Structure formats: structure tokens, C-alpha cells
Amino acid sequence: MVTIIGCDISLDHAGFCFLNEEGKAFDYQFYSQVKKEVLADPGHGIHLTVKKQDGEDSAQFQMRRLTEYSDLFRSMFLIGNYFSIEGYAYGAITNSICQTAELLGEIKCSIFNNGFPFRIHDPLSVKFFATGKGNATKDEIIEQAAKEGFIPSAPFKIRKKKLKSGVVEEMDGPKTDVVDAYFLARLLWAELKL
């Protein structure tokens with residue numbers, strides 16, 4: 001059986017969606033540092049428990065977190081035939097861009113070293129594929145997934161996002177990661193069909 005795994009990965013949370021060879025989602029998984037989110041969907045959530053220890057140097061903590069996260073990924077997900085990974089959001093404003101790049105590099109190496117093909121898709125292309133709009137909101141992407149019959153029970157929260165036009169409320173949390181992973185996998189599935 002062919003499996004396509006969409007991977008939306010960041011340091012504190014991640015979403016994964018598994019498609020069969022017909023392009024249908026048959027499972028999903030998410031990581032979160034927020035225990036309450038994992039408890040809301042325990043059949044699909046994995047609690048990331050890596051925390052900085054008293055007196056631990058920041059660089060040591062970052063390496064320990066990277067190692068534990070990548071070990072978890074290898075033990076859980078190196079089963080697929082194809083992987084689709086969301087590329088870097090170059091416009092994101094974050095202090096941890098280098099740490100995120102190191103984590104994604106480690107995961108890409110794990111996939112490659114185990115002989116699995118993978119594809120990297122940029123965030124705007126995934127949004128455009130999902131909704132026809134490269135600037136689609138999380139709400140629009142989730143709405144499109146629901147139209148396609150993919151409605152994960154992973155939890156979500158509402159966050160305020162500042163835009164030039166003002167402040168808007170938008171969905172955030174594990175559900176958005178899983179839905180992004182769904183469209184990553186669907187995009188790769190469509191490419192494989194072509």
C-alpha cells in the first residue's frame with residue numbers, strides 16, 4: 001500500500017496527515033507542547049515534553065530538543081512511501097528561524113537516509129492549491145478541508161493577528177497544523193498522479 005504523509009512541522013507543534021494511494025486521508029497525528037491540546041484528542045495527539053532544565057545552557061537545550069523531536073519523528077513516521085514537507089515561511093517573524101531550519105534539516109536527512117522520496121512545498125503554493133488563493137486564511141483552508149470531507153477532531157484556538165488593515169481573529173493550534181498537512185499530502189498526491 002502506498003502512503004503519502006504530509007508534514008507541517010515547527011519547534012513547538014506539528015501536524016501530520018496520512019493519505020492512501022487514492023488520495024484519501026486515513027489517519028492524522030499532531031505534536032503539541034500544550035498538554036490540554038493533546039488531552040482533547042488523545043488518539044491523535046503526542047505531548048512534547050522537552051523543557052529547558054534549571055541551569056541548562058540554551059544551546060544544549062536546543063540540541064536536546066532537536067534530538068528528542070527527531071527521534072520521535074523517526075520512531076513514529078518513517079513508514080511512508082512519500083513525504084511532503086512544508087518549506088520555510090521566509091516572511092515569518094520569529095527568533096527561532098535557525099532552530100526550525102536545523103529541525104527540518106534533521107528530519108529531511110532522516111527521510112532521505114531511510115530511502116524515502118520527499119518533496120518540499122512552499123506555504124503559499126499549498127494555500128493556493130487548497131483554496132485558489134495564495135493568501136488564504138487558516139479559516140478558509142479548514143473550510144475547504146471540510147468541503148472535501150476531512151474534518152479532524154484535533155483542537156483549535158482563536159488568536160488575534162495584526163494586519164495592515166487591522167486586527168483579525170483566526171484559528172490556530174493542532175487542527176490548523178493537521179489541515180495544512182492534509183493539503184501538503186494532497187498536493188504531492190496530485191503531482192504523483194500527473
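Here, the structure is the one placed above.
Overview of the structure. (Residues numbered from 1 in each chain as written. Predicted model: local features only at pLDDT ≥ 70, side-chain atom pairs only at ≥ 80, totals over all residues. Heavy atoms only, no water.)

### Concerning empty space enclosed by the protein
Link 1 in the chain: Evaluation of the coordinates by the stated rule reveals two cavities of 30 Å³ or more.
Link 2 in the chain: The calculated volume of the largest cavity comes to roughly 50 Å³.
Link 3 in the chain: Lining the largest cavity we find Leu 11, Gln 62, Arg 65, Leu 66, Tyr 69, Gln 99, Glu 102 and Leu 103.
Link 4 in the chain: Those elements that place two or more of their residues in the lining of the largest cavity are α2 (58–77) and α3 (97–113).
Link 5 in the chain: Of all the elements, α2 adds the most residues to the lining of the largest cavity, at four residues. (1 Å grid on protein atoms, 1.4 Å probe; cavity = no way out; pocket = protein on both sides within 12 Å on 5 of 7 lines; lining within 4 Å. Points joined across faces, edges and corners; volume = space filled by probe spheres on them. Helix = DSSP H or I, 4+ residues; strand = E, 2+ residues; numbered from the N terminus.)

### Quick word on helix α5 (residues 138–147)
Link 1 in the chain: Considered for burial, the residues of α5 that qualify are Ile 141, Ile 142 and Ala 145. Along the axis of α5, the buried positions cluster into a sector of 100°, meaning they face one direction only.
Link 2 in the chain: A positive backbone phi angle near 90° is found at Gly 149, which sits one or two residues after α5. (Buried < 20%, exposed > 50% of the residue type's maximum accessible area, 1.4 Å probe, protein only. Arc of directions from axis to C-beta.)

### Observations concerning the packing of α5 against helix α6 (residues 174–193)
Link 1 in the chain: α6 packs onto α5 with a crossing angle of 60° between their chain directions and a minimal axis gap of 10 Å. It follows that α5 is oblique to α6 by the angle criterion. Crossing of α5 against α6: the hand is left-handed. Facing α5, whose interface residues are Lys 138, Ile 141, Ile 142, Gln 144 and Ala 145, α6 presents Lys 175, Thr 176, Val 179, Asp 180, Tyr 182 and Phe 183.
Link 2 in the chain: When the residues that make up the contact of α5 with α6 are grouped by side-chain class, the tally is six nonpolar, two polar and three charged. (Axes fitted to C-alpha atoms, helices over the stretch in contact; angles between N-to-C directions. Parallel < 35°, antiparallel > 145°, perpendicular 65-115°, else oblique. Left-handed = near helix turned anticlockwise from the far one by under 90°. Contact = heavy atoms within 4.5 Å. Nonpolar A, V, L, I, M, F, W, Y, C, P; charged D, E, K, R; others polar.)

### Topic: the packing of aromatic side chains
Link 1 in the chain: All told, the structure shown has nine aromatic pairs when counted by the stated rule.
Link 2 in the chain: Both rings, one in Phe 18 and one in Phe 26, keep their centres 6.1 Å apart while their planes meet at 45°; by these two values the pair is tilted.
Link 3 in the chain: You can call Phe 18 buried: its relative accessible area is 6%.
Link 4 in the chain: Overall, the relative accessible area of 42% leaves Phe 26 in the partly exposed class. (Phe/Tyr/Trp six-rings, centres within 6.5 Å; stacked < 30°, edge-to-face > 60°.)

### Examining the sheet that holds strand β5 (residues 82–86)
Note: strands within a sheet are paired through backbone hydrogen bonds, in either parallel or antiparallel orientation.
Link 1 in the chain: The six strands lie next to each other as β4-β3-β2-β1-β5-β6, forming an open sheet whose pairing is mixed. The open sheet has two free edges, formed respectively by β4 (45–47) and β6 (118–121), since each of these has just one partner strand. For this sheet the average axis-to-axis angle between neighbouring strands, irrespective of direction, equals 15°.
Link 2 in the chain: Examined bridge by bridge, strand β1 (residues 4–9) and strand β2 (residues 13–19) share six bridges and lie antiparallel to one another. (Pairing = 2+ DSSP bridges.)

The values are spatial; any link to function lies outside them.
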